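Architecture at a glance
If you want the building blocks of each chain, they are given just below.
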Amino acid sequence: MLGKLLKYDFKSMFRSFVPLWAALLAVSFINRFTIDWNAADGIFGVLAAMLYVGLIIAVIVVTIILIVQRFYNGLLRSEGYLMFTLPVKPWQLVLSKLIAALVVTICSIAAALLSVLFISADADFLPQLFRALGRAIPQLTGDATLFLVLLALVVLTGILAAVTHIYAALALGHLANSHRIGWAVGAYIVIDLVFMAAMMAGVPALDAMDGWMFTLSLRHGEVYMANLTMGIVIAWFLAQTVLCYVATERILSKRLNLE
C-alpha cells in the first residue's frame, strides 16, 4: 500500500514541478547564448538574467510551499477524510509524504545545478569533467570515498530533518481549535529553538574533547576528522528527523481532528 501512496504523491508533486523545472532549464539554455557574464549586456540579456534568477527563487519557494501544501491539504484538511479511510497506518501516510518531499527537493537541487552548468560551461567542460573523474575515481582512498558518501548523507538527512520540522509544526498547530496556521508557525519556531538550544548545550562537551580530537587528527589525518564530524552531523539530523516524525505520527494517530 505504501507503493500506491507514493505513486499518488509523486504524481501530484511532479504535475506541479515538471513544468517549473523545464522552464528553468529552458531559460538557462537560452541564457547560455544570450548573456556574456564577462561584459555588460543589452536589455535582452539583462531581462533574461532577471528571469533566470527569478526562476531559481521560484523553484526554492514553490518547493517549500508544495511540501507544506501536500502535507497540510492531504492529511489535515478535507482530503484527510479520504486518506484516513484507506487501509493504511498513519505512519505510512507520513512516510509517503516525506519520501516524495525528499525526492522532489533533490530533483529541484539537481535542476538548479544543471541550469548553472548550462549557463557557465563551455563545449569542452563535460568531456574534461568526465576525464577528470575517470582519473580521480580509481585513486580514491577508503577515507576519501567515505567522505563523499557521508557528504551525500549530510545533505539527505539535512533535508529530512528540515521537512519533518515542518510536518511536526503543522501537526502541532492542528491541535488548536482556531488559527491553526498561526499556531503551526509558532510551533515551527519553538521546534527550531529547542533543537538549537540542544545543539548549544552540546558545545561544551565538544570543547572538552578538543584535546582528544586533536590527537585523532594527528594520528589519522584531516580526512578522518572530517568524516567523524560529518558522522556526528548525520546522527544529529537523524535524531531530529526521528523525533519530529514520531511526534507527527502520534498526533495523527491519537489526536487527529479534521473538523
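The preceding data block contains the structure.
Quick caveat, the model's predicted, so the values are computed rather than measured.

Relative to the helices and strands, Ala 235 is located in helix H9 (residues 222–254). Through-space distance from the C-alpha of Ala 235 to that of Thr 157 is 8.7 Å; in sequence the pair is 78 residues apart.

Another aspect to go through is the nonpolar core. Proteins that are soluble and globular tend to have nonpolar side chains buried together. If you look at the biggest cluster of nonpolar residues, it comprises 33 residues, and the most contacted ones within it are Phe 71, Leu 75, Leu 76, Val 94, Val 163, Tyr 167 and Leu 170. Elements that contribute at least two residues to this core include exactly helix H1 (2–34), helix H2 (43–75), helix H4 (90–120), helix H6 (142–173) and H9. Contacts of Phe 71, omitting those with residues within four sequence positions, involve Leu 76, Val 94, Lys 97, Tyr 167, Leu 170, Thr 248 and Leu 252. Core analysis: the next-biggest nonpolar cluster, separate from the first, contains 6 residues, Ala 168, Ala 169, Ile 191 and Phe 195 among them.

Attention shifts here to the environment of Thr 157. Tracing the sequence through the fold places Thr 157 in helix H6. What makes Thr 157 buried here is its relative accessible area of 6%. On a C-alpha basis, the gap between Thr 157 and Gln 240 in space is 9.3 Å, while along the polypeptide they are 83 residues apart. Setting aside anything within four residues of it in sequence, one finds Thr 157 in contact with Ile 234, Phe 237, Leu 238 and Thr 241. At a separation of 3.3 Å, a polar atom in the side chain of Thr 157 contacts the main-chain carbonyl oxygen of Val 154.

Moving on to the packing of aromatic side chains. Given two aromatic rings, one states the distance between the centres and the angle between the planes to describe the pair. One pass over the full model with this rule turns up 5 aromatic pairs. Ring geometry for Phe 10 against Phe 14: centres 5.6 Å apart, planes inclined by 10°, an arrangement best described as stacked. One end of the pair, Phe 10, and the other, Phe 14, are both in helix H1, 4 residues apart, so they sit about a helical turn from each other. Using a relative accessible area of 21% as the deciding quantity, one classes Phe 10 as partly exposed. Residue Phe 14 is classed as partly exposed on the basis of its relative accessible area, which comes to 28%. Ring geometry for Phe 71 versus Tyr 167: centroids 4.2 Å apart, planes at 15°, classification stacked. Pair noted here: Phe 71 is in helix H2 and Tyr 167 is in helix H6, with a separation of 96 residues, a long-range link. In this structure, Phe 71 and Tyr 167 share a single accessibility class: buried.

The rules behind the values
Residues numbered from 1 in each chain as written. Predicted model: local features only at pLDDT ≥ 70, side-chain atom pairs only at ≥ 80, totals over all residues. Heavy atoms only, no water. Helix = DSSP H or I, 4+ residues; strand = E, 2+ residues; numbered from the N terminus. Core = buried A, V, L, I, M, F, W, Y, C linked by side-chain atoms within 4.5 Å. Buried < 20%, exposed > 50% of the residue type's maximum accessible area, 1.4 Å probe, protein only. Contact = heavy atoms within 4.5 Å. Polar contact = N/O pair within 3.5 Å; in protein donor to acceptor, adjacent residues only side chain to side chain. Phe/Tyr/Trp six-rings, centres within 6.5 Å; stacked < 30°, edge-to-face > 60°.

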